[in-house]
Amino acid sequence: MAFKDQGNIKPFSNRIWLATPTMHGSELSYVTDAIQTNWVSTVGRNINDLEACCAKLIGRKYAVGLSCGTAALHLAIKLCGEKLYGQPKVGYGALEGKRVFCTDMTFDATVNPIAYEGGEAVFIDTDAETWNMDPEALEKAFELYPEVKLVVIANLYGFTGDLPRIVEICHKHGALVVEDAAESLGATYNGLQTGMFGDISIISFNGNKIVTGSSGGLLLTDSMDDANKVRKWSTQSREDAAWYQHEELGYNYRISNIVAGVALGNMEHLFEHIEQKKAVFERYEEGFKGLPIRMMPIVDGCVPNYWLSCAIIDREAMCRQVRGERDALYIPEEAKTCPTEILEVLARYNAEGRPIWKPMHMQPIYRSHPFVTKLGSGRAMSNAYIAENNALDVGMDIFERGLCLPSDNKMTEEQQKLVIELIRRCFE
Ligand SMILES: *Cc1c(COP(=O)(O)O)cnc(C)c1O
């Protein structure tokens, strides 16, 4: 058998979550200020201060507060599209008919804005050593699609790959880089904050991110023109005139001064949250010693923010697991387990884990899009390769064997010990 219920662990009376917001009270003073001064809409001190504080922390000249990270990505990608291909006709996207390279193993919000602008995402496989975009696959992609001029990279779960190398490859090929740092606020590579690496970068203050505003996001750039344009687009593209004058398509994407207040107050606790998340990661690492399961890699040069603790089961310790489009089955086997079993056991004991992001090239919506591995087109892998690697590609393999563990910063050491024990028993 795999997991055996030995009867001596009771389900958690309060659910252990993957990641939840952590409010401290500091948020309230900024929100109160917004209400007392009557600046509750899309203009106000909290927005200005949030933008200034994040630009300074990350090291960018300008930050523009937006309603969410997805809106920030949309405007970042649109901005790059217009820089590359000009302003489109109304009703057309800025990337109409253009291919854009994109991280494959990420949340779909990284990718969707390419489609909003009429572009076609080409997915770049994941590096097994970093779990982020594979630079070799990226090089391969530029060989296959030399016309591509835009690359969207995401930092997975608060951990990075070799960001300077990825950016160097893109710039060598004359491509712009959008960095999706939604999950990696506070993480660094070679001492530089994530959000510093893209020509345009974004962060998110979504409710489950390491710092939250309840919602909200920011676009980061070093160009005043970019910042002004994005601010204008986000407030319905009003021209400087006495009436509502419009020369460009507008959006209602600006952050509210109340949301910015929550984010600003929560930002004061960023480094405390990182310390707590790091402790969670390290306790898993310690607790899994001797088990055929490894934590996600931290590459030389990267200091993660440890947003989510993720792990991968050794191939030899995987029981058979089959996933359909919506559900999964596995065959319990002695001394072996799989993400499905571990997640089911955790759920039974009232703890929340999650599979790794299902790679975009495997998603029904994007299944017809090109996908590039370091060997070339990932849509044409040989049967021999599949057999040898037990997967078509690295992303699929990590999705098969990997999982996100309960990573809430409010989980106690005692609770985490039990979570670890439950996982340990899955390998029995
Ligand atoms: C959360 C997230 C986003 C979207 O941010 P929202 O603020 O929820 O719109 C984008 N990309 C990644 C990688 C994310 O994890």
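In this numbering scheme, every chain counts its residues from 1 along its sequence in written order. Residue-level local features of this predicted model are given only where pLDDT is at least 70; pairs of side-chain atoms are given and counted only at 80 or more, and the full residue set underlies all totals for whole chains, interfaces and linings. Excluded from the side-chain calculation are hydrogens and water; included are all heavy atoms of the structure.

Near residues are defined by distance, with any heavy atom within 4 Å of the molecule or strand qualifying the residue. Inspection of the region around the ligand gives 15 residues, with Gly69, Thr70, Asp180, Glu183 and Lys209 positioned closest. One nitrogen or oxygen atom from the main chain of Gly69 is found 2.7 Å from an oxygen atom belonging to the ligand. For the purposes of these results, a polar contact is taken to be a pair of N or O atoms within 3.5 Å, where, inside protein, one atom must be able to donate a hydrogen and its partner to accept one; residues adjacent in sequence count only when each atom of the pair is a side-chain atom. Thr70 is positioned with one of its side-chain polar atoms (N or O) 2.5 Å from an oxygen atom of the ligand. With residues, only the protein chains shown are counted as cover, and all accessible areas are computed by Shrake-Rupley using a 1.4 Å probe. Look at the ligand: alone it shows 380 Å² of surface, and the protein chains cover 94% of it. Helix and strand definitions here come from DSSP, where helices need a minimum of 4 consecutive H or I residues and strands a minimum of 2 consecutive E residues; each element is numbered from the N-terminal end. For the shell around the ligand, the element with the most residues is helix α3 (residues 69-85), which contributes three residues. Note on residue categories: nonpolar means Ala, Val, Leu, Ile, Met, Phe, Trp, Tyr, Cys or Pro, charged means Asp, Glu, Lys or Arg, and polar means any other residue, Gly included. Grouping the constituent residues of the shell around the ligand by class yields five nonpolar, seven polar and three charged.

On to the domain arrangement of the protein. Entries for the protein in the domain assignment read domain 1 (26-267) and domain 2 (270-363 + 385-426). Look at where the C-alpha atoms of domain 1 and domain 2 centre, and you get two points 28 Å apart. When two components associate, each loses some accessible surface as probed by a 1.4 Å sphere; the sum of these losses over both components is called the buried area. Interface of domain 1 and domain 2: buried area, both sides summed, is about 3,100 Å²; carbon and sulfur atoms make up 68% of it. Interface area lost by domain 1 to domain 2 is led by Trp131, Tyr157 and Phe159, which between them contribute 29%. For the domains described, the bounds stem from an automatic or database domain assignment.

Accessible area is worked out with a 1.4 Å probe on protein chains only. A residue is then buried under 20% of its type maximum, exposed over 50%, and partly exposed in between. In terms of burial, strand β9 (residues 217-221) is largely enclosed, as five of its five residues are buried. Of the two faces of β9, the one carrying Gly217, Leu219 and Thr221 and the one carrying Leu218 and Leu220 are both buried. Bridging between strand β1 (residues 62-66) and β9 involves five bridges; their strand directions are antiparallel. Across the sheet, Gly65 pairs through a bridge with Leu218, a residue of β9. Strands are treated as partners if at least two bridges between them are detected by DSSP. Pairing of strand β8 (residues 200-204) with β9 involves four bridges; the strand directions are antiparallel.

Let us now look at helix α2 (residues 45-58). Relative to the 20 Å expected for 14 residues at 1.5 Å per residue, α2 spans 20 Å between its end C-alpha atoms, a close match to the ideal helical length. Inspection of α2 places Asn46, Ile47, Leu50, Glu51, Cys54, Ala55 and Ile58 among the buried residues, and these make up the whole buried set. For α2, the arc enclosing every buried residue in end-on projection is 155 degrees, short of the 170-degree limit, so these residues lie on one face. Gly59 lies just past α2 and shows a positive phi near 100 degrees. The length a helix should cover is 1.5 Å for every residue beyond the first. What the arc covers is the set of directions going from the helix axis to the C-beta atoms.

Between side chains of opposite charge, a pair can form when the charged atoms approach closely. Any Lys or Arg side-chain nitrogen found within 4 Å of a carboxyl oxygen on Asp or Glu counts as a salt bridge. Taken as a whole, this structure holds 24 salt bridges when the rule is applied. For Arg283, the salt bridge goes to Glu413, with nearest N and O atoms at 3.9 Å. Taken together, the residues span a long stretch of sequence, with Arg283 in helix α9 (residues 270-287) and Glu413 in helix α13 (residues 413-426) at a distance of 130 residues. Using a relative accessible area of 25% as the deciding quantity, one classes Arg283 as partly exposed. One salt bridge connects Asp397 with Arg401, and the closest N-O pair in it is separated by 2.8 Å. With a gap of four residues between them, Asp397 and Arg401 both fall in helix α12 (residues 394-401), about one helical turn apart. Given the relative accessible area of 9%, Arg401 is considered buried. Connected via shared salt-bridge partners are Lys229, Lys232, Glu239 and Glu248.

Time to look at the sheet that holds strand β12 (residues 310-313). Strand order in the open sheet formed by four strands is β10-β12-β18-β15, and the pairing between neighbours is antiparallel. Both edges of this open sheet fall to β10 (293-295) and β15 (354-355), since each of them pairs with a single strand only. In terms of strand pairing, β12 meets strand β18 (residues 402-404) through three bridges, oriented antiparallel. Pairing of Ile312 across the sheet is with Gly402, part of β18.

Time to look at unusual backbone geometry. A positive phi is found at Asn38, a non-glycine position, where the angle reads about 70 degrees. Positionally, Asn38 belongs in the loop between α1 (26-36) and α2. What makes Asn38 exposed here is its relative accessible area of 63%. Even without being glycine, Asn190 reaches a positive phi, approximately 50 degrees. Looking at where Asn190 falls in the secondary structure, it is placed in the loop between β6 (188-189) and β7 (192-193).

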